[in-house]
Protein chains: 2
Amino acid sequence: MDIRTIAHAAKVSIATVSRTINRVPTVNPRIAKRVWEVIDELNYFPNTQARALVSGRSWILGLIVSEITNPFFPELIQGFEEVAIEHGYEILVSSTNYDPKRMSQCIRRMLERKVDGVAIMTFGIEEPLLDQLAQRKVPMVFVDIGPDQPGVSILKVDYHHGIRQGVQHLAALGHRRIAFISGPMRLHSSLSRLNAFNASLEECGINPNPAWILEGDHTLEGGTAAMQTLLNGGDLPTAVMCSNDMTAIGVLHKMYRAGLRVPDDLSVIGFDDIHIAEVTIPPLTSIQMSRFEIARAAVTALRAQLEDAKDLPHQREFDIRTDLVVRESTSFPRGTMKNLRKAKK
Amino acid sequence: MDIRTIAHAAKVSIATVSRTINRVPTVNPRIAKRVWEVIDELNYFPNTQARALVSGRSWILGLIVSEITNPFFPELIQGFEEVAIEHGYEILVSSTNYDPKRMSQCIRRMLERKVDGVAIMTFGIEEPLLDQLAQRKVPMVFVDIGPDQPGVSILKVDYHHGIRQGVQHLAALGHRRIAFISGPMRLHSSLSRLNAFNASLEECGINPNPAWILEGDHTLEGGTAAMQTLLNGGDLPTAVMCSNDMTAIGVLHKMYRAGLRVPDDLSVIGFDDIHIAEVTIPPLTSIQMSRFEIARAAVTALRAQLEDAKDLPHQREFDIRTDLVVRESTSFPRGTMKNLRKAKK
DNA sequence: TTGAAAGCGCTAACAT
DNA sequence: ATGTTAGCGCTTTCAA
């Protein structure tokens, strides 16, 4: 069944069927109605590849993520899928696993399937492969930073806002000895988070201790390893802030293994606020970055380049907020409670 | 740049370029070499939609999952992507969120993008929409059950093997009071797991208590809710087996909330063995079902229908094992330890 | 073994 | 407002 079948059944030309489907305003409403009836009755839908071939628009949006097994990303993908579908786009998701080879393969896949636009949410652009996309004028959207080119939008995450809230929360509880476990330092977003942490520390008048700044890799294992390092160091901080929730969960686990208690022996703050943070033991205080907000902004940014609807924003940068969510992995530093109790007596 | 560019540069016809790319054996090796050189030099790749249009093969494999935010699925998707790409297929992932409307939308998307085959990993087919796929002779692969039609393969998960190991493990520790929190009962896989549990109980000579068979929904919240019900019931079991790990993590959390200890007050076994099960507190004893094995089998089953390679298996069913992984959420029932200690004295 | 040409299903320019 | 037709980039007969 093809467009000819419909044209024949509706007693019009294939051009009219095409126009009807594409909602060209000049079609006679009565004829359009007849065409739609035939389409519905025969359950017809156009061949997307033929359509893409001739129109040059695939109606596919690419989404490149670092690793799909980090719960942050499925939540992001879900939002992206939802918003994209809503606007008639199919999505092509692909993950790099922080591997430059795979990154290059991802770009290739995007190119081969002729995506109309691509969201690169790997929190750090690993290669100048992007030129291939830029050359073909494929609109792109990045997180944090991206090349300053036409067709490129940036989702600016305000790490500082949430992280400052976290540090202030810790400081208010009485913490002065605060560690930070970063993400992979070659990722720009990791650096941004660390910078925001250092700046917030300074705002609170706390001196940073270099021995308490550790590099993690945004995985569970990275979190346990960093916590182990901290434990080996002897001079333990009273609180630790993590660059993402997976790291924090690793920290929680290592503390459990070491027979220490959170938050009694160490307060822990995560970042992302993934769903599972609600049920960790103890429930994780975390800095929320809305996946849905990011997903929506990414699709919007791409659509703004692709379509000329008047309701689409015409900006290069989009702001993404972060906010502290206080749960139970943060409390007074050890000792303070006793003092409080004494004071009460 | 298109096939003509290459043909011209290599001084051959476009037909020869096409044959070269498609590795038709009749092409003169020297000419083929020349063509490949031009292709590499110009960094050319064929337009997939033109190719799909004329050949009728999209080289896209669909993958329908229930919910991408359940960590089991990202791990599955990752494997599926890897194996599919390895064989030259692109993937189209889509999630139903257990919503029949979305399921129907998923099928539609698969149809519109003309997938060559589709893996339906929703653990329970929600609708007879599949006819649309069957009519178009799209090969399908299901988990557990599927329509008995040509072109349909089934991944038979041996739930019984792993679940029996779990029950025996519990029985060996001295448990006789074992509860089960199932998945949504309209899903066939949930029923299978429950049946395997009941059968295993009987094998061990344990009487099932209907009050200890609860229906969950494979989410964290379902797990906490079911555990709450168990707590309210008063007559607490000494162990609980869960239909998936998310449920088990919910149980762990509710126990923590109730001020009870795992495994001292309750032993907990999960199912799936997702990555995070290693770092729950305590680390979760779980029944492993290999995502990668499922992913590989799914792609293999589809390829067996699509390609005529001699090395591809020609069977309708594929077996998937399950195995117990013992960690620290299971132990002796309360009281037994004391007895043991006494005995030691 | 290679080339010429038809045509996959559709959109869009042009003609009516 | 509707129809006719060229052609998107490729694969695949068919002829040489």
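Residues numbered from 1 in each chain as written. Chains lettered and ligands numbered in written order. Predicted model: local features only at pLDDT ≥ 70, side-chain atom pairs only at ≥ 80, totals over all residues. Heavy atoms only, no water.

**Some details on the overall build of chain A**
- Within chain A one finds 13 helices and 12 strands.
- For 345 residues, the compact-globule formula gives about 20 Å, and the C-alpha radius of gyration of chain A, at 26 Å, lies well above that figure.
- Counting every position in chain A, which comprises 345 residues, the buried fraction comes to 55%.
- Across chain A, contacts joining residues at least 24 apart in sequence account for 70% of those joining residues at least 6 apart.
- The average position of the 39 basic charges and that of the 39 acidic charges among the side chains of chain A differ by 2 Å. (Helix = DSSP H or I, 4+ residues; strand = E, 2+ residues; numbered from the N terminus. Rg over C-alpha atoms; globule rule 2.2 N^0.38 Å. Buried < 20%, exposed > 50% of the residue type's maximum accessible area, 1.4 Å probe, protein only. Contact = heavy atoms within 4.5 Å. Lys, Arg positive; Asp, Glu negative; His and termini not counted. Charge placed at Lys NZ, Arg CZ, Asp CG, Glu CD.)

**Points about the interface of chain A and chain B**
- Between chain A and chain B, the residue contacts involve 53 residues of the former and 53 residues of the latter.
- When chain A packs against chain B, close to 5,100 Å² is buried across both sides, 56% of that on carbon and sulfur atoms.
- Three residues stand out in chain A for area buried against chain B, namely Phe45(A), Arg113(A) and Ile281(A), and they jointly supply 15% of the buried area on that side.
- Linking Glu81(B) and Arg109(A) is a salt bridge whose minimum nitrogen-to-oxygen distance equals 2.9 Å. (Buried area = accessible area lost by both parts, 1.4 Å probe. Salt bridge = Lys/Arg side-chain N within 4 Å of Asp/Glu carboxyl O.)

**Describing the packing of helix α1 (residues 3-10) of chain B against helix α3 (residues 29-42) of chain B**
Residues and elements named next belong to chain B.
- Running from N to C, α1 and α3 point in directions that differ by 125°, and their axes come no closer than 9 Å. Relative to α3, the element α1 lies oblique. Crossing geometry of α1 relative to α3 is assigned as right-handed. Note on element contacts: α3 touches α1 through Arg34, Val35, Val38, Ile39 and Leu42, opposite Thr5, Ile6, Ala9 and Ala10.
- Split by residue class, the contact of α1 with α3 holds 7 nonpolar, 1 polar and 1 charged. (Axes fitted to C-alpha atoms, helices over the stretch in contact; angles between N-to-C directions. Parallel < 35°, antiparallel > 145°, perpendicular 65-115°, else oblique. Left-handed = near helix turned anticlockwise from the far one by under 90°. Nonpolar A, V, L, I, M, F, W, Y, C, P; charged D, E, K, R; others polar.)

**A short note on the relation of the copies chain A and chain B**
- Superposition record for chain A on chain B: RMSD 0.1 Å, screw rotation 180°, translation along axis 0.0 Å. Considering both components of the superposition, the chain copies are consistent with a two-fold axis. Closest to the rotation axis within chain A is the C-alpha of Gln49(A), separated from it by 2.5 Å.
- Mapped onto chain B, 100% of the interface residues of chain A again fall at the interface, so both copies present the same surface. (Least-squares fit on C-alpha atoms with pLDDT ≥ 70 in both.)

**What to know about the protein's contact with DNA strand C**
- For DNA strand C, the set of nearby residues contains 25 residues, the closest of which are Ile3(A), Tyr44(A), Thr16(B), Arg19(B) and Ile31(B).
- Counted by atom, the contact set of DNA strand C within 4 Å of the protein is 65% sugar and phosphate.
- One of the side-chain nitrogen or oxygen atoms of Ser18(A) is found 2.7 Å away from a phosphate oxygen of DNA strand C.
- Between a phosphate oxygen of DNA strand C and a side-chain N or O atom of Tyr44(A), the distance comes to 2.4 Å.
- Put simply, the parts of the chain that give the surface near DNA strand C at least two residues each are α1 (3-10), α2 (14-21) and α4 (48-55) of chain A together with α2 (14-21) and α4 (48-55) of chain B.
- Sort the elements by how many residues they give to the surface near DNA strand C and α2(A) lands first, with 4 residues.
- In terms of residue class, the surface near DNA strand C is made up of 13 nonpolar, 7 polar and 5 charged. (Near = heavy atom within 4 Å. Polar contact = N/O pair within 3.5 Å; in protein donor to acceptor, adjacent residues only side chain to side chain.)

**Some details on the UniProt feature "domain: HTH lacI-type" (unreviewed entry) in chain A**
- Under the feature "domain: HTH lacI-type" (unreviewed entry), the UniProt entry names residues 1-55 of chain A.
- Taken end to end, residues 1-55 of chain A has its terminal C-alpha atoms 21 Å apart, with 69% of it in helix and 0% in strand. (UniProt positions renumbered as here; feature names shortened; annotations may be inferred.)

**Some details on the nonpolar core**
- Counting 110 residues, the largest nonpolar core has Phe80(A), Met121(A) and Phe80(B) as its most contacted members.
- Other than its neighbours up to four places away in sequence, Met121(A) contacts Leu63(A), Ile64(A), Val65(A), Ser66(A), Phe73(A), Leu76(A), Val141(A), Phe142(A), Val143(A), Leu155(A), Ile294(A) and Ala298(A).
- Grouped together as the second largest cluster of nonpolar side chains are 38 residues, Val262(A), Trp212(B), Leu214(B) and Val240(B) included. (Core = buried A, V, L, I, M, F, W, Y, C linked by side-chain atoms within 4.5 Å.)

**Things to note about the side chain of Asn244(B)**
Residues and elements named next belong to chain B.
- Relative to the helices and strands, asparagine 244 resides in the loop between β8 (239-242) and α11 (245-257).
- In this structure the side chain of asparagine 244 is engaged in a polar contact, spanning 3.2 Å, whose partner is the backbone oxygen of histidine 218.
- If we skip the residues at most four places from it in the chain, asparagine 244 touches Asn70, Arg193, His218, Gly270, Phe271 and Asp272.

**Details of the protein's contact with DNA strand D**
- Looking at DNA strand D, there are 25 residues lining it, with Arg19(A), Ile31(A), Ile3(B), Ser18(B) and Tyr44(B) nearest.
- When atoms of DNA strand D within 4 Å of the protein are split into backbone and base, the sugar-phosphate part holds 62%.
- Measuring from a phosphate oxygen of DNA strand D, one finds a backbone N or O atom of Asn28(A) at 2.7 Å.
- Separating a phosphate oxygen of DNA strand D from a backbone N or O atom of Asn47(B) is a distance of 3.0 Å.

**Regarding the packing of α1(A) against α2(A)**
Residues and elements named next belong to chain A.
- Interhelical geometry of α1 versus α2 gives an angle of 105° and a closest axis separation of 8 Å. One way to sum up the angle between α1 and α2 is to call them roughly perpendicular. Residues Ile3, Arg4, Ile6 and Ala7 of α1 form the contact with α2, whose participating residues are Ile14, Val17 and Ser18.
- For the contact of α1 with α2, a count of residues per class yields 5 nonpolar, 1 polar and 1 charged.

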